[in-house]
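Structural characterization, general
What follows is each chain in one-letter form.
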Amino acid sequence: MSSEPSSDAAADLAADEARRLKLYAYLDAREHRRTYLWIMRLFASTLLADLSAGEVSAALSPAERRGDIATGESRVENVITRLKQLVEWGNLVAGRREVVASSIAEFQHGSVRYQVSKLGVRVQRDVDELLRTTEGAREVSRELLPAIAAGLDELLVRLSRAAHEHARDPGSDTAQKAVERMAEQVTTLFLQHGELAATVRDFYAYLGQVVTRYQMASAEISGFRNLLVEYIQMVVEDVLRYTPAIAEILTRDEFAGATRHLLRLLTPSGSLGRDVERARGRAAADWRELTDWFVDRPGRPSQVTALREATARAIGTLLATVKRATSGGGPEPGRRAELLQLAAWFDESTPDQAHTLAAAAFGLHSARHIAPAPEHDGDDEQTPWADGPVVDVLVTVRGRGERTRGRTSRILDNPLGREQLLAEARNADARHTAAVAELAVLAEEAGGRLDQVTLSADALGTLCGLLTDAMAQRERASDPGEAIDPVGGLTLKLRPEKGGTAVIHTDGGVLELQNTAVEFSTGIT
C-alpha cells in the first residue's frame, strides 16, 4: 500500500522534469529556430511584456529586413503559429483582454495576449549569457575570498545587533532597519560566494579542456606552463590563505545557533505563495552548501580540497604533454596549428586557388612513378587511386621527416596483441588448409580440369598464388611454367596453347586465361 504513493510521486516528478526540459525545445527546433529565438528575446527584454500577435509581428519586421530571420516569418499568421508553439512548450503564457477592433480578424489577433513564463525568461536569459560568453579562460574572482571572510565577521556583528533590537521591540523602526542591514549582508555574502564558485568552475572546466589535448604547439605549451605556474599558483595561494579563517567561522559551535536565529529573523512577514523562490541565504540548505564549499566533512571533501587536487592533476597532465612533445614520441606538436592555418586559407580562397592550394599541400597532382616495380602486377583498373593500396610510410618520416632515429625504441610486451596475432595466424592457416583440401578433392573429381568445377574464394586465392609462381618462371609467353605446393601436395602446370582459353569458375565470377592451358593435379611430379 505504501509503494503506491511513492510511485505516484516519482511519476509526477518525472512528468514535471519532462515539462521543464521542453522549455529548451525552441533552441533545437528543426525549423524556424531563429524566429523562436527572436520572439523569446523580445518577451525577455521587457518587464511584464504583454504582447499580441500583431505587436510581435511588427517587432519582427526589422529583423526580417536585416535577414536575421527567414523571409515571411514576420507575417501575422506565421507569428501566431510560432506563439502557439511556444505556449505549448511552456515558454509563453496566453491570456485575453478586451480590445476595440474594427474587424473579427483584428479582434482575434488583438484579444489574445501573450506573456513570458518565469522559467521561460530564465532559459532565455541563460541562452543570451551563453551566446555572449567567450570560449577562452575565465578569470577567477579571487578578490572575493577576503571579502567573504570579512563579510562573515560583519554578518555576526549585524546579527547580534538585529537580535538585540528585535528582542527589545520587534515592531520598532530600529529593529526593522537592523534586520534589513543584516539581510543586506546575507545577500551580499551569497552573491560573492556564487560569483566565486562560478568563476572557479568555469576556469577549471576550460583548464581540463585544453590540458588534455594530445597535440599542442610549442607556443601553447609555453602559455599553459605560464598559466599553471603563475596564475593558478596565485589562485591556489589565495584560496589556501583565506580558507582557514572562513572555515573557522563556519565551524564555530555558536555559528549553528546564530544561523538558526538568522533564519527566524529573515522569515518574511507576508506570503508570496507556497512555492516561492527565496533569495540565497534564507534557507538552511544554502548555509550547508556554503559550509561544504570551504569545510571538509567525513566522506565528502570540500570544494577547496577538490580545487587543490584538480590543480595537481592539471600540472601532471601538462608535464606529460611537455614530455611527449619534447621527447619526440608522438606526432609533431605544431601540426594542429598548421592544419588550422591551412583550413583558414581554404576558407578564404576561390575555387581555383583552392585546387592549387590542395595540390601544393597534399600533392594532388599528376602521378610520378618513382617507386620500384612490384613483384607482380596487382593493379586493378576498376579501383580509383584514392581507394587503392597505400605505401606504408614510417612514423618518423611521416611525423618529422626523419629517416633515422639513432637507437631503436624499446619493444613493449603486449600479450593481448600477441594472442590476437596468433589467433589470426591460426585462422589463416586453417583457411589455407581447407582451401588446399578443396582443390585436391575438386582436382580428383574433375580429373584435373578446373573448367568443370566452381572454386570458393579461399581456394581461388590459393590457386592464384600457384598461378603467380608458375607465370613467374616463364621468360616468354611461349614458355611453359610450373608451380608446386609441397605442403599441400598440389601441382599446377601452364603450357601455351594458341587459340585456347582456360576457364576457371568461382563464386565471384569467371577467370579466363587466353592462349593458355592449365593442368592441375594432386601430388608432386
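Focus: the packing of aromatic side chains
- Under the criterion given, the structure shown has five aromatic pairs.
- Consider the rings of F190 and W287, whose centres lie 4.9 Å apart with planes at 90°: the pair is edge-to-face. Of this pair, F190 sits in helix α8 (residues 173–211) while W287 sits in helix α11 (residues 284–294), placing them 97 residues apart in sequence. Each member of the pair F190 and W287 is classed as buried.
- Their ring planes at 65° and their centres at 5.9 Å tell us that F255 and W287 sit as a pair that is edge-to-face. Highlighted residues: F255 in helix α10 (residues 253–265) and W287 in helix α11, separated in sequence by 32 residues. Of the two residues, F255 and W287, neither departs from the other in class, the shared state being buried.

Quick look at the environment of V235
- Counting through the fold element by element, V235 comes out in helix α9 (residues 218–250).
- Here the alpha-carbon distance between V235 and E139, two residues 96 residues apart in the chain, equals 9.9 Å.
- Here V235 is in contact with V140 and R142, once residues within four sequence places are set aside.

Some words on the sheet that holds strand β3 (residues 112–116)
- Pairing within the open sheet is antiparallel, and its three strands lie in the order β1-β3-β2. Because the sheet does not close on itself, it has two edges, and the strands there are β1 (51–52) and β2 (92–96).
- The pairing of β2 with β3 spans five bridges and is classified as antiparallel. Bridge assignment links V93 to a residue of β3, and that residue is Q115.
- Packed onto the sheet, helix α4 (residues 76–89) meets β2 and β3 and runs at close to 115° relative to β2.

Some points on the pairing of strand β6 (residues 490–506)
- Of the strand pairs in this sheet, strand β4 (residues 454–455) and β6 are connected by two bridges, and their pairing is parallel. Across the sheet, residue L455 finds its bridge partner in β6, namely T506.
- As judged from the five bridges shared by strand β5 (residues 481–485) and β6, these two strands associate in the antiparallel manner. Across the sheet, D485 pairs through a bridge with L490, a residue of β6.
- Between β5 and β6, which pair antiparallel in sequence order, lie four residues; one of them, G489, sits at a positive phi of approximately 70°.
- Bridge analysis of β6 against strand β7 (residues 509–522) gives 13 bridges, and the strand direction is antiparallel. Within the sheet, the bridge partner assigned to H505 lies in β7 and is V510.

Points about the confidence of the model for the chain
- Overall, the prediction assigns the chain a mean pLDDT of 80, with 79% of residues at 70 or greater.
- Mean pLDDT across the secondary structure elements of the chain bottoms out at helix α5 (residues 104–111), with 58, and peaks at helix α2 (residues 33–44), with 93.

Some thoughts on helix α3 (residues 53–66)
- Given a rise of 1.5 Å per residue, 14 residues ought to cover 20 Å, and the 20 Å separating the end C-alpha atoms of α3 matches this to within 8%.
- Along α3, the sharpest kink reaches roughly 30°, centred on L60 and followed within four residues by the proline P62.
- For α3, the full list of buried residues reads A53, V56, S57, L60, A63 and E64.
- G67 occupies a position one or two residues after α3 and carries a positive phi of about 85°.

Reading the values: the criteria
Residues numbered from 1 in each chain as written. Predicted model: local features only at pLDDT ≥ 70, side-chain atom pairs only at ≥ 80, totals over all residues. Heavy atoms only, no water. Phe/Tyr/Trp six-rings, centres within 6.5 Å; stacked < 30°, edge-to-face > 60°. Helix = DSSP H or I, 4+ residues; strand = E, 2+ residues; numbered from the N terminus. Buried < 20%, exposed > 50% of the residue type's maximum accessible area, 1.4 Å probe, protein only. Contact = heavy atoms within 4.5 Å. Pairing = 2+ DSSP bridges. Axes fitted to C-alpha atoms, helices over the stretch in contact; angles between N-to-C directions. pLDDT = per-residue confidence, 0-100. Expected span 1.5 Å × (residues − 1). Bend = angle between axes of the 7 residues up to and from the residue.

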